[in-house]
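Breakdown of the fold
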Amino acid sequence: MTRLPIDRCKVPQAFWRAVERAGISPAALLRQARLPATLHISEDAWVNTAQYFDLWQALEELSGDPAIGLHINVAADTTVHPPATMSAFFAKDFRDGLNRLARFKRLCTPEELHVIERDGEAFVSFAWIHAVGPEPDVAVDVTFAAILELGRRGTGRHIVPLRVEMTRAGPTTREHKGYFGAPITFGAPKNQLVLRADDLDRPFAGHNPELLAILTPALLA
């Protein structure tokens, strides 16, 4: 029998830096989410899935910006990403980057990244193993933007998805339309980013086999 991963999500310091850049103090965010006031101080902070979702919901409520998830990712500095995430930017190509992200995501969250290719399309979706409620909209935006930023920054090309499927009711914002540049479907069965399968073959300009040879064993330890 396969054991489920432990219900714990790491909250890296990069998250708190992004929150501060958005003009929200970590202390205010933690109060809104009803979480320990000193959580942001720890270099090794962990929460469960429900608390992780509470953090994102609190961020959306405090910011009053329905596109805050997109803004955070676009402004993110990849040099402060955790090693498991950063390693994806040194992959051979977009497909390799997604596979590495999926492989190492379980180190930080009980979350699965699925990539299914069919008829020239690549369907990218995520599943939270211990979730008892829907993933907050802002967290979905962060995830979708993280995938696109990986592809765009890694390849040096402005990759545009074929379509974006969201479970939320909508409507979309001008920021969402501008960022994705693709049709957005609301009320979908699940949150899913649909890419051109050919885009996954695009090479990454920063491919670094030597650095990956160092990072990969360390992440698997």
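Everything that follows concerns the structure shown earlier in this document.
Summary of the structure given here. Since the structure is predicted, the reported quantities are computational estimates derived from the model, not experimental observations. (Residues numbered from 1 in each chain as written. Predicted model: local features only at pLDDT ≥ 70, side-chain atom pairs only at ≥ 80, totals over all residues. Heavy atoms only, no water.)

Some points on the pairing of strand S4 (residues 121-128)
Formally: Each residue is placed in one exposure class: buried if its accessible area under a 1.4 Å probe, protein chains only, is under 20% of its type's maximum, exposed if it is over 50%, and partly exposed if it falls in between. By definition, any uninterrupted DSSP run of H or I lasting at least four residues is a helix, any uninterrupted run of E lasting at least two residues is a strand, and each is numbered from the N terminus. Strands were regarded as paired on the criterion that DSSP finds at least two bridges between them.
Within S4, 7 of the 8 residues are buried, which leaves the element mostly enclosed by the surrounding structure. Here 8 bridges tie strand S3 (residues 111-118) to S4, and the two strands are oriented antiparallel to one another. What sits directly across from histidine 114, in S4, is serine 125. Counting the residues in the hairpin turn of S3 and S4 gives 2 residues, including aspartate 119, whose phi is positive at 55 degrees. Where S4 lies against strand S7 (residues 192-196), 5 bridges are found, and the strand directions are antiparallel. Looking across to S7, one finds that glutamate 121 is bridged to arginine 196.

Considering the pattern of salt bridges
The test is simple: What counts as a salt bridge is simple: a side-chain nitrogen of Lys or Arg found within 4 Å of a carboxyl oxygen of Asp or Glu.
Scanning all chains against the criterion turns up 9 salt bridges. The partner of arginine 168 in a salt bridge is aspartate 137, and the shortest N-O contact between them spans 3.6 Å. Residue arginine 168 is found in the loop between strand S5 (163-165) and helix H8 (174-180), and its partner aspartate 137 is found in helix H7 (residues 137-155); the two are separated by 31 residues along the sequence.

Regarding the side chain of glutamate 111
In plain terms, the rule: The contact rule is simple, with two residues in contact once any of their heavy atoms fall within 4.5 Å.
Here glutamate 111 lies in strand S3. Among all residues touching glutamate 111, those that are not within four sequence positions of it are Lys105, Phe126, Ala127, Trp128 and Thr143.

Comments concerning helix H6 (residues 94-105)
Rule in force here: Each residue after the first adds 1.5 Å to the expected span of a helix. Any N or O atom pair separated by 3.5 Å or less is treated as a polar contact, with the protein-specific requirement of one donor-capable and one acceptor-capable atom, and with residues adjacent in sequence counted only for side-chain atom pairs.
With 12 residues, H6 extends 16 Å from end C-alpha to end C-alpha; this agrees with the ideal 16 Å at 1.5 Å per step. Along H6, the positions that sit buried rather than exposed are Phe94, Asp96, Gly97, Leu98, Arg100, Leu101 and Phe104. The opening residue of H6, the one whose side-chain oxygen lies 3.3 Å from the backbone nitrogen of arginine 95, is aspartate 93.

Observations regarding the sheet that holds S3
Threshold: Every axis in this analysis is a line fitted to C-alpha atoms, fitted for helices over the stretch in contact. Angles between the N-to-C directions lie between 0 and 180 degrees.
The mixed open sheet is built from 5 strands, whose spatial order is S3-S4-S7-S5-S6. Of all strands in the sheet, those bounded by a partner on one side alone are S3 and strand S6 (184-185). Contacts from H6 reach S3, S4 and S7 within the one sheet, and its direction differs from that of S3 by about 150 degrees.

Quick notes on helix H2 (residues 26-33)
For H2, the set of buried residues is Pro26, Ala28, Leu29, Leu30 and Ala33. Phi turns positive one or two residues past the end of H2, at arginine 34, with a value near 55 degrees.

Regarding unusual backbone geometry
A negative phi holds for most residues other than glycine; trans holds for most peptide bonds. Despite not being glycine, arginine 34 has its phi angle at roughly 55 degrees, a positive value. Tracing the backbone through its elements, the reader meets arginine 34 in the loop between H2 and strand S2 (45-47). Overall, the relative accessible area of 75% leaves arginine 34 in the exposed class. Residues other than glycine seldom take positive phi values, yet aspartate 119 does so here, at roughly 55 degrees. Following the sequence through the fold, aspartate 119 ends up in the loop between S3 and S4.

Brief notes about the environment of alanine 76
As for its position among the elements, alanine 76 is in the loop between helix H4 (68-74) and helix H5 (83-86). Residue class for alanine 76 comes out buried when judged on its relative accessible area of 16%. Here the alpha-carbon distance between alanine 76 and proline 171, two residues 95 residues apart in the chain, equals 26 Å.

Quick notes on the packing of aromatic side chains
Stated precisely, the cut-off is as follows: Under the pairing criterion, centres of Phe, Tyr and Trp rings, with the six-membered ring standing for Trp, must be within 6.5 Å; the plane angle then separates stacked pairs below 30 degrees from edge-to-face pairs above 60, leaving the rest tilted. Only when the NZ of Lys or the CZ of Arg is both within 6 Å of the ring centre and within 35 degrees of the ring normal is a charge said to sit over the ring.
In the structure shown here, the tally under the stated rule is 8 aromatic pairs. Summarising the aromatic geometry, the rings of tyrosine 52 and tryptophan 56 are spaced 6.2 Å apart at their centres and angled 85 degrees between planes, so their arrangement reads as edge-to-face. You can see tyrosine 52 and its partner tryptophan 56 sitting in helix H3 (residues 49-63), 4 residues apart, about one turn around the helix. A relative accessible area of 6% means that tryptophan 56 is categorised as buried. Look at phenylalanine 144 and phenylalanine 180: their rings are 6.4 Å apart centre to centre, the planes differ by 80 degrees, and that puts the pair in the edge-to-face class. Of this pair, phenylalanine 144 sits in helix H7 while phenylalanine 180 sits in helix H8, placing them 36 residues apart in sequence. We classify phenylalanine 144 as buried; its relative accessible area is 2%. According to the relative accessible area criterion, phenylalanine 180 is buried, its value standing at 0%. A connected cluster of aromatic rings, assembled from ring pairs, spans Phe15, Trp16, Tyr52, Phe53, Trp56 and Trp128. Sitting over the ring of tryptophan 46, arginine 8 keeps its end group 3.9 Å from the ring centre.

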